[in-house]
Amino acid sequence: MTAMWDGLGLRWTVGAGTEVTVEETGTGASHPPVLVLAGGLCVVTLVPPEDQTAWTGCAVFLRRLRDHAEDLAALLEARAERRDRAQG
């Protein structure tokens, strides 16, 4: 996995060793769980807002992230299949 700044912000290239986990940061509402994307020397942590009233909006964002990640996975698989058929 590599990370670099481009003209829009951080660009993170996913590699074979990239992992995604949910980690507890402690007990109680003041220490919410976080989503961690890790690989190589780079770690990205998605942290819920401190304001617990905003957690519902955070959950909505995470579900959109999941859905769009699923869309990207389907596109990548379809293109890989087309490439494999063209080479086969």
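From a predicted model like this one, the values you see are computed outputs, not experimental measurements. (Residues numbered from 1 in each chain as written. Predicted model: local features only at pLDDT ≥ 70, side-chain atom pairs only at ≥ 80, totals over all residues. Heavy atoms only, no water.)

(A) Spotlight on the pattern of salt bridges. Enumeration according to the criterion identifies four salt bridges in this entry. Put simply, Asp67 and Arg66 hold a salt bridge, and the shortest N to O gap is 3.1 Å. In this structure, Arg85 engages Glu81 in a salt bridge whose closest nitrogen and oxygen atoms are separated by 3.9 Å. You can see Arg85 and its partner Glu81 sitting in helix α1 (residues 55–87), four residues apart, about one turn around the helix. Owing to a relative accessible area of 59%, Arg85 belongs among the exposed residues under this scheme. (Salt bridge = Lys/Arg side-chain N within 4 Å of Asp/Glu carboxyl O. Helix = DSSP H or I, 4+ residues; strand = E, 2+ residues; numbered from the N terminus. Buried < 20%, exposed > 50% of the residue type's maximum accessible area, 1.4 Å probe, protein only.)

(B) Highlighting the domain arrangement of the protein. Along its sequence, the protein is organised into domain 1 (1–47) and domain 2 (48–87). Each of domain 1 and domain 2 has a C-alpha centre, and the two are 15 Å apart. Approximately 460 Å² of surface area, both sides summed, lies buried where domain 1 meets domain 2, with 73% of it carried by carbon and sulfur atoms. Counting the contacts that link domain 1 with domain 2 gives zero salt bridges. Counting across the domain 1 and domain 2 interface gives zero residue pairs in polar contact (both at pLDDT 80 or more). Looking at the side of domain 1 that touches domain 2, its residues break down into seven nonpolar, one polar and no charged. (Domains from an automatic or database assignment. Buried area = accessible area lost by both parts, 1.4 Å probe. Polar contact = N/O pair within 3.5 Å; in protein donor to acceptor, adjacent residues only side chain to side chain. Nonpolar A, V, L, I, M, F, W, Y, C, P; charged D, E, K, R; others polar.)

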